[in-house]
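These are the residues of each chain, in order.
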Amino acid sequence: DAGVTQSPTHLIKTRGQQVTLRCSPKSGHDTVSWYQQALGQGPQFIFQYYEEEERQRGNFPDRFSGHQFPNYSSELNVNALLLGDSALYLCASGTLDRANTGELFFGEGSRLTVL
Amino acid sequence: SQKIEQNSEALNIQEGKTATLTCNYTNYSPAYLQWYRQDPGRGPVFLLLIRENEKEKRKERLKVTFDTTLKQSLFHITASQPADSATYLCALAGGSTLGRLYFGRGTQLTVWP
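Procedures and definitions
- Residues numbered from 1 in each chain as written.
- Chains lettered and ligands numbered in written order.
- Predicted model: local features only at pLDDT ≥ 70, side-chain atom pairs only at ≥ 80, totals over all residues.
- Heavy atoms only, no water.
- Helix = DSSP H or I, 4+ residues; strand = E, 2+ residues; numbered from the N terminus.
- Buried < 20%, exposed > 50% of the residue type's maximum accessible area, 1.4 Å probe, protein only.
- Contact = heavy atoms within 4.5 Å.
- Areas by Shrake-Rupley, 256 points an atom, 1.4 Å probe, with all protein chains shown as cover.
- Lys, Arg positive; Asp, Glu negative; His and termini not counted.
- Charge placed at Lys NZ, Arg CZ, Asp CG, Glu CD.
- Salt bridge = Lys/Arg side-chain N within 4 Å of Asp/Glu carboxyl O.
- Polar contact = N/O pair within 3.5 Å; in protein donor to acceptor, adjacent residues only side chain to side chain.
- Pairing = 2+ DSSP bridges.
- Axes fitted to C-alpha atoms, helices over the stretch in contact; angles between N-to-C directions.

Let us look at the overall build of chain B. Helices and strands together make up the secondary structure of chain B, namely 0 helices and 11 strands. Along its sequence from the N terminus, chain B presents helices and strands in the succession β-β-β-β-β-β-β-β-β-β-β. Along the three orthogonal principal directions, the C-alpha set of chain B runs to about 45 × 30 × 20 Å. When each of the 113 residues of chain B is scored for burial, the buried share is 47%. Of the contacts formed within chain B by residues at least 6 apart in sequence, a portion of 56% connects residues at least 24 apart. Accessible surface computed for chain B: about 5600 Å², of which carbon and sulfur atoms make up 47%. Each charge class in chain B was averaged separately, 14 positive and 10 negative side chains, and the resulting centres sit 2 Å apart.

Below is the structure:
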């Protein structure tokens, strides 16, 4: 049983560009959350998707947007990249009840570097 | 806004000893508190969950306590091993922001032989 898979694992972009990160949740999971983790910091919540709707959103600008597809996979889009967007982007999945209690399965992340 | 503090950035202990990590929080009343383990360059791995009405939870060599009056959780690893070396993250959930986790910065634990 594959866990949470994310792609790409690493990518380099320049300021002003746009990026799309992808996530496939663990089999049986219907919620997907995205977190940003800067070096030496804990993960920061970006948003959570359930039933193809954004259910919760953290304190991130509108440049950060997402989508959940009918097969529960998800994308994170970041427009007009800034140097400060350089981070590890983590996708986490769970069933709704487990996600509410904080029991999440995380992927290995996508390491984004903005030059 | 919510603030989560983990007692120290780094903790070094000898193999076989008990590691104790602390998580303090303010401006929040979580219904759930979790501990995650994160290895370098990897995603966090869920370890334990404790609810606001529970005082203590155990899983093998791990023990978590939760004091909602002190707004503090303690995380213990008994009979520590070098393989326990990692960063341990405390996270909170519950209330009107159900579905959202608030993480601390983590404590880097090193267990030396």
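Tallying the contact residues gives 22 residues for chain B and 25 residues for chain A. Taken together, the links from chain B to chain A amount to 1 salt bridge. In this structure, B:R42 and A:E108 form a salt bridge, with 2.6 Å as the shortest nitrogen-oxygen distance. Seen at the junction of chain B and chain A, the total is 8 residue pairs in polar contact (both at pLDDT 80 or more). Sorting the residues of the side of chain B that touches chain A by element identifies β4 (32-38), β5 (45-51) and β9 (86-93) of chain B as the ones contributing at least two each.

All names here are of chain B. Counted according to the given criterion, the structure contains 10 salt bridges over all chains. Notably, a salt bridge pairs D84 with R61, separated by 2.9 Å at the nearest N-O pair. One end of the pair, D84, is in the loop between β8 (72-77) and β9; the other, R61, is in the loop between β6 (56-59) and β7 (62-67), and 23 residues separate them in sequence.

Residues and elements named next belong to chain A. Here 4 strands make up an open sheet; going across it, the order is β1-β3-β8-β7 and the pairing antiparallel. Only two strands of the sheet have a single partner each, and these edge strands are β1 (5-7) and β7 (64-68). Strand-to-strand, the axes of this sheet are offset by a mean angle of 15 degrees, without reference to chain direction. Inspection of the sheet shows β7 paired to strand β8 (residues 74-78) by 5 bridges, in the antiparallel sense.

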